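Secondary and tertiary structure notes
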Amino acid sequence: MTSSDLDTTTTPGSGTASSHGKTILIGEHAVVYGAPALVLPVLDARVVATVTPVTAGVPGHMLESTVHTGPLDLAPAAVMPTVTAVTATLRHFGVTDRHVHVRVDSEVPTARGMGSSAAVAAAVTAAVADALGETLDAETHHELIQECERVAHGRPSGLDARGVVAAVPVWFEGGRIESVALGARFTFVVADTGVPGHTREAVAAVRERRDHDPAAIDAVIERIGALARQARGTLEAGDAQALGATMDAAHDLLSALDVSSADLDRLVDAARGADALGAKLTGGGRGGCVLALAADDDHADRIAAALRGAGAAATWTTTIGARA
């Protein structure tokens, strides 16, 4: 996908681009140890970036967002990835004499495993390029997003950077990225517990358990990897029932790794109580989001209502594959 595949509009000196959230369909934690993972785009959780020239007399770049509004050089650490998105894109095109005003409108919550920082970086880098009358090819766009992600996360895998610009699930294995063909239309509901995820804590806890009992933990990791391969097959075959079964099994394995929580389990139970085809935690765990698979749009509405009734802070319904 190139930045031209994103939603963009251009007027002289201005640019707009959008991206979206992502989540892990199958493979969290196991991917740390070389197992494959499936990344799901959450197309209905959008980020829109708008870039315009600054007002005459303003001496530098300006940012307008929920985290910081004001001069870019006074932005707090939390938005340094966004600052990087602006400056790295301008530097890429050799522009040093242009100051811009960047507005970011994001529906992707932070610290929920939905790729917030990557989604903002994807939209801002493409919008800055658009304002310059330029287009980013797919790999250049990816590298710019990754530069922002290194500021945010240190050593990003690239999963988020790919997922937030993809229209279909992405397969990640051994550093190799592939788009996954879809055999049918799939509808998912993502629900936010309202509790930030604790990915580093959960990853460290799994590593400690593996140090003490490598055979047992490696067996769980292998089973999660096998479920990821099964899930890819079900997506390609268009078999929603089978995909739901792999999601349920994956949640049970992640619970066995002790990366679930009472909040996550409550929402998973609520989704299953609403007859979801499958439901699981998604992302690092110990907070964050759950993912549920619906039979159709009406069913998704019922699942979303049940999740909100069980305490979800927000829900998103996203469809991949052919839309009705």
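An account of the accompanying structure is given in this report. Keep in mind the model is a prediction, meaning the values are calculated, not measured.

Here we take up the sheet that holds strand S10 (residues 278-282). In a beta sheet, neighbouring strands are held together by backbone hydrogen bonds and run either parallel or antiparallel to one another. Ordered by their spatial adjacency, 4 strands build an open sheet running S10-S11-S9-S12, and the pairing between neighbours is antiparallel. Of all strands in the sheet, those with a lone pairing partner are S10 and strand S12 (314-320), marking the two edges. Between one strand and the next, the sheet's axes are offset by a mean angle of 20°, whatever the strand orientation. Bridge count between strand S9 (residues 186-192) and strand S11 (residues 289-294): 6 bridges; the pairing is antiparallel. Counted as the bridge partner of alanine 191 is valine 290 from S11. In the packing of helix H7 (residues 240-256) onto the sheet, contacts are made with S9, S10 and S11, and the angle to S10 comes to roughly 45°.

Further remarks concern unusual backbone geometry. Even without being glycine, alanine 111 reaches a positive phi, approximately 60°. The exposure class assigned to alanine 111 is partly exposed, which follows from its relative accessible area of 46%.

Here we come to the pattern of salt bridges. Within the structure shown, the criterion is met by 18 salt bridges. Between glutamate 173 and arginine 229 there is a salt bridge whose closest N-O contact spans 2.9 Å. Residue glutamate 173 is found in strand S7 (residues 170-173), and its partner arginine 229 is found in helix H6 (residues 214-237); the two are separated by 56 residues along the sequence. A salt bridge links arginine 232 to glutamate 178, with the shortest nitrogen-to-oxygen separation between them at 2.8 Å. Placement of arginine 232 in helix H6 and of glutamate 178 in strand S8 (residues 176-179) is noted, with a sequence separation of 54 residues between them. Salt bridges here are not isolated pairs; linked through shared partners, they connect Glu173, Arg176, Glu178, Arg229, Arg232 and Glu236.

This paragraph deals with the pairing of S9. Summarising burial for S9: 7 of the 7 residues are buried, a large majority. Covered by surrounding structure in S9 are Phe186, Phe188, Val190 and Asp192 together with Thr187, Val189 and Ala191, the residues of both alternating faces. As defined by bridge partners, S9 adjoins S12 across 7 bridges and the pair is classed as antiparallel. Counterpart to phenylalanine 186 in the pairing with S12 is isoleucine 320.

All right, on to the packing of helix H5 (residues 199-212) against H6 then. Interaxial distance between H5 and H6 falls to 5 Å at its minimum, and their mutual angle equals 130°. In terms of axis orientation, H5 runs oblique to H6. Across the interface between the two elements, Val206, Arg209, Arg210, Asp211 and His212 of H5 pack against Pro214, Ile217, Asp218 and Ile221 of H6. A per-class count over the contact of H5 with H6 returns 4 nonpolar, 1 polar and 4 charged.

Turning our eyes to something else, we now look at the side chain of threonine 246. Relative to the elements of secondary structure, threonine 246 occurs in helix H7. Among the polar contacts listed, one links the side chain of threonine 246 to the backbone oxygen of leucine 243, at a separation of 2.6 Å. Those residues in contact with threonine 246 that lie beyond four places of it in its chain are Ile26, Leu227, Gln230 and Ala231.

Here is what the cut-offs are and how they apply
Residues numbered from 1 in each chain as written. Predicted model: local features only at pLDDT ≥ 70, side-chain atom pairs only at ≥ 80, totals over all residues. Heavy atoms only, no water. Pairing = 2+ DSSP bridges. Helix = DSSP H or I, 4+ residues; strand = E, 2+ residues; numbered from the N terminus. Axes fitted to C-alpha atoms, helices over the stretch in contact; angles between N-to-C directions. Contact = heavy atoms within 4.5 Å. Buried < 20%, exposed > 50% of the residue type's maximum accessible area, 1.4 Å probe, protein only. Salt bridge = Lys/Arg side-chain N within 4 Å of Asp/Glu carboxyl O. Parallel < 35°, antiparallel > 145°, perpendicular 65-115°, else oblique. Nonpolar A, V, L, I, M, F, W, Y, C, P; charged D, E, K, R; others polar. Polar contact = N/O pair within 3.5 Å; in protein donor to acceptor, adjacent residues only side chain to side chain.

Take it as geometry only, folks, not as evidence of what the structure does.
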